[in-house]
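What the coordinates show
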Amino acid sequence: MTNAIEASGLVKTYAGKVKALDGLSVTVESGSVFALLGPNGAGKSTTVKILTTLSKPDAGQASVAGLDVLRQPERVRRAVGCVAQKSGVDIQATGRENLMLQGHLYGMRGKELEQRVSGLLERFGLTDSARRIARTYSGGMQRKLDVAMGLVHKPQVLFLDEPTTGLDPESRADMWGEIARLTAEEGLTILLTTHYLEEADKLARRLSIVDEGRVVAEGSPDELKGELKGDAVHVELASGEAGRAIEALAPLADVRDVTLEDGRLLHLHADNGAQAVPVILQALEAGGVNVASVTVARPSLDDVYLKYTGRSFEKAEATAAEVNR
Amino acid sequence: MIALRHTLYLTIRQVKAFLRQPWYLALTLAQPIIWLLLFGALFKKIVEIPGFGSKSYITFLTPGIVVMSAVFSGGWSGMSMIDDLDHGVMDRFLVAPTNRGALMVGRIAPQVLTTIIQSLILVGLALAVGATFPGGAAGIVMLIVCAALLSVGFSMLSNGLALMLRREESVIAAVNFILLPLTFLSSAFLQQSLAPKWIQQIAKYNPVNWAVQAGREALNKSGDWGFVMAHAGYLLAFAVVCALLATRAFRSYQRSV
Ligand SMILES: Nc1ncnc2c1ncn2[C@@H]1O[C@H](COP(=O)(O)OP(=O)(O)O)[C@@H](O)[C@H]1O
Ligand SMILES: [Mg+2]
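Thresholds, definitions, all that
- Residues numbered from 1 in each chain as written.
- Chains lettered and ligands numbered in written order.
- Predicted model: local features only at pLDDT ≥ 70, side-chain atom pairs only at ≥ 80, totals over all residues.
- Heavy atoms only, no water.
- Domains from an automatic or database assignment.
- Near = heavy atom within 4 Å.
- Polar contact = N/O pair within 3.5 Å; in protein donor to acceptor, adjacent residues only side chain to side chain.
- Helix = DSSP H or I, 4+ residues; strand = E, 2+ residues; numbered from the N terminus.
- Nonpolar A, V, L, I, M, F, W, Y, C, P; charged D, E, K, R; others polar.
- Phe/Tyr/Trp six-rings, centres within 6.5 Å; stacked < 30°, edge-to-face > 60°.
- Buried < 20%, exposed > 50% of the residue type's maximum accessible area, 1.4 Å probe, protein only.
- Lys NZ or Arg CZ within 6 Å of the ring centre and 35° of its normal.
- Contact = heavy atoms within 4.5 Å.
- Buried area = accessible area lost by both parts, 1.4 Å probe.
- Salt bridge = Lys/Arg side-chain N within 4 Å of Asp/Glu carboxyl O.
- Arc of directions from axis to C-beta.
- Pairing = 2+ DSSP bridges.
- Axes fitted to C-alpha atoms, helices over the stretch in contact; angles between N-to-C directions.
- Left-handed = near helix turned anticlockwise from the far one by under 90°.
- Donors = N, O, S within 2.8 Å, 3.2 Å for Na, K, Ca; no water.

Regarding the domain arrangement of chain A
- When cut into domains, chain A gives domain 1 (3-223) and domain 2 (229-298).
- For domain 1 of chain A and domain 2 of chain A, the distance between their C-alpha centroids amounts to 42 Å.

Below, the structure is given as structure tokens:
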């Protein structure tokens, strides 16, 4: 199998201060969906901008579809399609006009372009609104148009920067179906960025967790989850006896990684959740702690994220939001 | 060839967008007309000042308003650049193999078009309310050429500013704080010889004044075409310098993405 994207040691510093990328590397196999997963400000968009020739790295190298992004930017541009986080739909133009202009800029013309545009409109369910100005489109429709625009010239590699952020659940599910179809039916390589763990889990064959401009973990969703041995157990305490609960669990050999959330939710790992639960309950009871509920779950990417960055995903998001303000 | 074709596509895009904003379109056309009629009526008696040298104020004023309209439509044109930057449209063009020159020239062509239409409407209206232009068609064409060069210059400055500062406020400030004074520091409304000495001095270096004077001279009965062509040359140089500045701003934007 060849690689559609190979990038190594990418560094990018903005305005001499903000280090957006700090030696990021990524390799994507042809014909697969790869996800860059990380909180706001992690450097996902910067990576996409570099790989699509919009921006130049300060250090490192990258090739897309076998073409060097620094030495052959013109050819890279023809090989890739890009759906940027910031959209790129001209809201003063109709859906059809947006697609036609996009095709024209790639040198497509005449019947070939007309057919391609009609086909894409049909495929994304935009045929009826093709002659309406994009300003009047719903968020989901604009995003679909966005993706269609990235596909007009039949690229080999498609970049989707947060394709479902801000979409309602229904539009999100639509988009997921579309993305899955693109690789399955057309053999397209897709690099998508997301800050939804669920999205990466569902769509990507492999993924990288990006934090502060670096890849902190890489693998298939199952591999990454597999690295966390055992099951996740969540214990909800009936009343604030967290200190005593932690004390009570400390002697148990099978229980690891006990963390406390909001003073009343205990998260921990056990090799076998089902066997551990009775033991845990017994220990807590003996310690005089009342339990409201217990759940056992396979580890999620959330747990993976916590392990590699030392922060829970929501915390990282909240911090990033603070910093970016 | 590709540059030309891309320029055409991008020009058509802008013209269509412009036509789709009926209020903006109406305003762009109505404002100069209001200026012409309002200033024409307000300062009608100004020609009676000894030494004014022109018998009809509307005849005197028309090239002034044509140029003023060109200045303002050029000055505002950076707003559409801000829109494109905000909506990621510019970045999308940059990710596509779009001809880089066309991205700038595609903003000049619609500007020239707007100026031509605006100017023709103003000249027609002026003729209807009694202005006379002995310079004839050649004079009118020359006035429009000067106005177009000037509007291209200001449009490039406006786009450059938009690319550097990326805020609507900066374009608005530039239009309000720079363009109006520049217009008043010209002979658009008043015979130069009647203005204070210091204004006359500044006006010599004011591109707005170059365009007003060259346009007015071209409309005269036996205008001094040496003077007209020389000033048209200055205006061309002005437009080129502004375009170069805008190109630099464009490069610096590309580096900052
Ligand atoms: N054009 C830019 N100019 C200055 N700083 C930028 C620019 N783009 C991104 N950054 C900064 O670089 C960091 C990484 O940003 P980005 O790649 O957009 O992250 P993500 O897409 O993962 O949210 C952030 O701190 C962001 O503020
Ligand atoms: Mg981003």
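A look at the site of ligand 1
- Among the 15 residues in the neighbourhood of ligand 1, the closest are listed as Gly-41, Gly-43, Lys-44, Ser-45 and Thr-46 of chain A.
- Proximal residues around ligand 1 fall on chains A and B, making this an inter-chain site.
- The backbone of Ala-42 of chain A places a nitrogen or oxygen atom 3.1 Å from an oxygen atom of ligand 1.
- Secondary structure elements with two or more residues in the shell around ligand 1: strand 2 (18-29) and helix 1 (44-51) of chain A.
- At four residues, the largest contribution of residues to the shell around ligand 1 is made by helix 1 of chain A.
- The residue inventory of the shell around ligand 1, partitioned by class, reads six nonpolar, seven polar and two charged.

Thoughts on the packing of aromatic side chains
- Enumeration according to the criterion identifies eleven aromatic pairs over all chains in this entry.
- A centroid spacing of 6.1 Å and a plane angle of 0 degrees characterise the contact between Phe-39 of chain B and Phe-43 of chain B, whose relative ring orientation is stacked.
- Accessibility expressed as a relative area gives 15% for Phe-39 of chain B, which makes it buried.
- Residue classification places Phe-43 of chain B among the partly exposed residues on the basis of a relative accessible area of 29%.
- Clustering of aromatic rings is evident, with ring pairs tying together Phe-39, Phe-43, Phe-52, Tyr-57, Phe-60, Phe-184 and Phe-189 of chain B.
- Looking at Arg-172 of chain A, its charged tip hangs above the ring of Tyr-196 of chain A, at a distance of 4.1 Å from the centre.
- Seen from the ring of Phe-60 of chain B, Arg-216 of chain B lies directly overhead, with NZ or CZ sitting 3.5 Å from the centre.

Side note on the interface of chain B and chain A
- Contacts between the two partners involve 26 residues from chain B and, on the opposite side, 30 residues from chain A.
- Three residues, Arg-92, Val-95 and Pro-97 of chain B, lead the burial of chain B against chain A; their summed loss comes to 30% of the area buried on that side.
- Where chain B meets chain A, there are four salt bridges.
- Between Arg-20 of chain B and Glu-97 of chain A there is a salt bridge; the shortest N-O distance is 2.8 Å.
- Mapped by element, the contributors of at least two residues to the side of chain B that touches chain A are helix 1 (2-19), helix 4 (78-86), helix 5 (89-95) and helix 11 (225-256) of chain B.
- Looking at the side of chain B that touches chain A, its residues break down into ten nonpolar, seven polar and nine charged.

Observations concerning helix 4 of chain B
Residues and elements named next belong to chain B.
- Those residues of helix 4 not exposed but buried are Gly-78, Met-81, Ile-82, Asp-84 and Leu-85. All buried residues of helix 4 lie within an arc of 165 degrees about the axis, which places them on one face of the element.
- Once helix 4 finishes, Gly-88 follows within two positions and takes phi at roughly 75 degrees, a positive value.

Side note on the environment of Ser-55 of chain A
- The topology assignment puts Ser-55 of chain A in the loop between helix 1 and strand 4 (59-64).
- Between the C-alpha atoms of Ser-55 of chain A and Leu-70 of chain A, which are 15 residues apart in sequence, the distance is 9.6 Å.
- A polar contact is formed between the side chain of Ser-55 of chain A and the backbone oxygen of Val-257 of chain B, at a distance of 3.2 Å.

Focus on the pairing of strand 4 of chain A
Residue and element names in this part refer to chain A.
- When strand 1 (residues 3-14) meets strand 4, the two strands line up antiparallel, connected through five bridges. If you follow Ser-8 over to strand 4, its bridge partner there is Gln-61.
- With two bridges connecting them, strand 4 and strand 5 (residues 67-68) associate as antiparallel partners. Pairing of Ser-63 across the sheet is with Asp-68, part of strand 5.
- Taking the residues between adjacent antiparallel strands as the criterion, strand 4 and strand 5 are bridged by two residues, where Ala-65 takes a positive phi near 55 degrees.

Focus: the packing of helix 2 (residues 22-42) of chain B against helix 6 (residues 100-128) of chain B
Residue and element names in this part refer to chain B.
- Here helix 2 crosses helix 6 at 35 degrees, and the two axes come no closer than 10 Å. Judged by the sense of rotation from one axis to the other, the crossing of helix 2 with helix 6 is right-handed. Here helix 2 contributes Thr-28, Leu-29, Pro-32, Ile-33, Leu-36 and Leu-37 to the contact with helix 6, which in turn contributes Thr-114, Ile-117, Gln-118, Ile-121, Leu-122, Leu-125 and Ala-126.
- Taken together, the residues of the contact of helix 2 with helix 6 break down into ten nonpolar, three polar and no charged.

A few points about the coordination of the magnesium ion (ligand 2)
Residues and elements named next belong to chain A.
- For the magnesium ion (ligand 2), the full set of protein donor atoms is Ser-45 (OG) and Gln-85 (OE1), at a range of 2.1 Å. Residue Ser-45 is located in helix 1, and its partner Gln-85 is located in the loop between strand 6 (80-83) and helix 3 (95-105); the two are separated by 40 residues in the primary sequence.
- Taking relative accessible area as the criterion, Ser-45 reaches 17% and is therefore assigned buried.
- Its relative accessible area of 39% is what places Gln-85 among the partly exposed residues.

Re the pairing of strand 10 (residues 214-219) of chain A
Residues and elements named next belong to chain A.
- Both strand 9 (residues 206-211) and strand 10 contribute to a ladder of five bridges, which runs antiparallel. Bridging from a neighbouring strand, Ile-209 pairs with Ala-217 of strand 10.
- Between strand 9 and strand 10, which pair antiparallel and follow one another directly, the connecting turn spans two residues, one of which, Glu-212, has a positive phi of 50 degrees.

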